[in-house]
Amino acid sequence: MTHALVIGGGIAGPVTAMALRRAGIDATVHEAHPTGADHLGAFLVLFANGLAALRAVGADEPVLACSFPADTVEFLGPTGARLGARPLTGAGGDGLSPRTLQRAALYRALRDEAVRRGVRVAYGKRLVDATTGPDGVVAYFADGTRAEGDVLIGADGIHSRTRTLLDPAAPPPRHTGQLTVCGRTREAGHAVPERTYRMVYGQRAFFGCTRAPDGTTYWFANIPAPEQPRAALAAIRPAGWRERVLEAFAGDRTPVTGLVAATGDAVVGVNAYDIPTLPVWHGERAVLVGDAVHATAPNAAQGASMAIEDGVVLARCLRDLPGPAEAFAAYERLRRERVERVVALSATMAGRIAGPPGERRTPASSDGADDWLTSYRVEWDAPVG
């Protein structure tokens, strides 16, 4: 095996390509957008498990350079009372703390590092079809071009075309019953403690915020709501998103409304989806990674970290096993149980974002219950049997 076609230039795609090159396999990333996805999204968190997976292939430094840490999470109730706090570092033993950064900054850092390592990125390549044969795979793009490789890796996100090519009967993404709104502001609407994520359980919605060293406060709100048509979402202006969040927290005695009111136009809202389980992860020459195979609701903040883990594990399997079929089967065996458990956890958290405080599980103590999540480490040098 000498060359892989990676479909998607978001998070999973460049990481997978870098890991493959480290494993001795060349890769080309095919990005649907004409100039990359730098403008998309708001911000995200990488937990210790995702950072450790980047470190396993030597790709953590560019991400650390454009992010900032938080090592504590504290919880407030709808009256503003402090419910408790716990550390965020987990049980990994390597001192890694969660890092917050703009999604666009993560895209750029991963893409630029991949290119620096020799990965080619082709833009304006929206996959429409693919065919496989005994010697490889051919990908066909909307612009009329094609590309040939030994394997095709679908890192093309929650609305993956690769997924439907592998299995036309694949279940569609499931709406989780919430909208997620993200914003950022430099205004002094609310001072979050240093290196802390402050989480607020409102009477009708859930809110989180953290402050960067430059004084920017990043915030998100998970609001129970039915799925919105794509055109309707696109028509909502920043003022409309602010108003939705203010309405969701009206009547609570928390810092949320002051912070949201102090936010300008740096606000974006999206439907929240997940994929609880997918019957088909791979074919003979094609395989899925990241949101294409196991999208997770945003509540556990593990989507990016899971995608990064996928890319590194898949590269190990392709490095160590004799052919794509064996490698893909091993990859699924190593990943399916873990990612489906994460998706289920996040869905459960999504179901608890509203309701009487006594009915919510407020993780206010460090009891180690979530160590399985953040202490996971990809052992790059260990052979895959």
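From a predicted model like this one, the values you see are computed outputs, not experimental measurements.

> Sorry, what's going on with the packing of helix α1 (residues 12-22) against helix α10 (residues 303-320) here?
When two helices pack together, their arrangement is given by the angle between the helix axes and the distance between those axes. It is at 8 Å that the axes of α1 and α10 come closest, and there the two elements cross at 30 degrees. By the criterion of interaxial angle, the relationship of α1 to α10 is roughly parallel. Judged by the twist between their axes, the crossing of α1 over α10 is right-handed. Seen from α1, the contacting residues are A12, V15, T16, A19 and L20; seen from α10, they are A307, I308, G311, V312, L314, A315 and L318. Classifying every residue of the contact of α1 with α10 gives 10 nonpolar, 2 polar and no charged.

> Help me understand the nonpolar core in this model?
It is characteristic of soluble globular proteins that their nonpolar side chains tend to be buried jointly. Formed by 69 residues in total, the largest nonpolar core has its most connected members in L20, L46, V63, I153 and Y331. When near neighbours in sequence (up to four residues on either side) are disregarded, V63 contacts L46, L51, L54, L101, L106, A109 and L110.

> Please explain the pairing of strand β6 (residues 82-87) as it appears in this structure.
Side-chain direction in a regular strand flips from residue to residue, so the side chains alternate between the two faces of the sheet. Direction of pairing for strand β5 (residues 72-76) relative to β6: antiparallel, over a ladder of 5 bridges. Among the inter-strand pairings, F75 is bridged to a residue of β6, identified as G84. Adjacent in sequence and paired antiparallel, β5 and β6 are bridged by 5 residues, among which G80 carries a positive phi angle near 90 degrees.

> What exactly am I supposed to notice about the side chain of H294 here?
When you line up the elements, H294 lands in helix α9 (residues 291-294). For H294, a relative accessible area of 4% gives the class buried. Only 2.4 Å separates the side chain of H294 from the side chain of D310, close enough to count as a polar contact. Sequence-distant contacts of H294, defined by excluding residues within four places in its chain, comprise I275, W281, M306, D310, V339 and V343.

> I tried to follow helix α4 (residues 103-116) on my own but got confused; where do I start?
Taking 1.5 Å of rise per residue, the 14 residues of α4 would be expected to cover 20 Å, and the 20 Å separating its terminal C-alpha atoms lies within 8% of that figure. Residues of α4 that are buried include every one of A104, A105, L106, Y107, A109, L110, R111, E113 and A114, and no others. Taken together, the buried residues of α4 touch α1, β3 (43-46), α2 (48-56), α3 (61-65), β7 (99-102) and β8 (120-123). The first or second residue beyond α4 is G118, which carries a positive phi of 100 degrees.

> So what exactly am I meant to see when it comes to the side chain of Q178 here?
Mapped onto the elements of the fold, Q178 is located in strand β13 (residues 174-185). On the accessibility criterion, Q178 (0% relative accessible area) is buried. Within the local environment of Q178, its side chain forms a polar contact with the side chain of N299, the two groups lying 2.6 Å apart.

What counts, and where the lines are drawn
- Residues numbered from 1 in each chain as written.
- Predicted model: local features only at pLDDT ≥ 70, side-chain atom pairs only at ≥ 80, totals over all residues.
- Heavy atoms only, no water.
- Axes fitted to C-alpha atoms, helices over the stretch in contact; angles between N-to-C directions.
- Helix = DSSP H or I, 4+ residues; strand = E, 2+ residues; numbered from the N terminus.
- Parallel < 35°, antiparallel > 145°, perpendicular 65-115°, else oblique.
- Left-handed = near helix turned anticlockwise from the far one by under 90°.
- Contact = heavy atoms within 4.5 Å.
- Nonpolar A, V, L, I, M, F, W, Y, C, P; charged D, E, K, R; others polar.
- Core = buried A, V, L, I, M, F, W, Y, C linked by side-chain atoms within 4.5 Å.
- Buried < 20%, exposed > 50% of the residue type's maximum accessible area, 1.4 Å probe, protein only.
- Pairing = 2+ DSSP bridges.
- Polar contact = N/O pair within 3.5 Å; in protein donor to acceptor, adjacent residues only side chain to side chain.
- Expected span 1.5 Å × (residues − 1).

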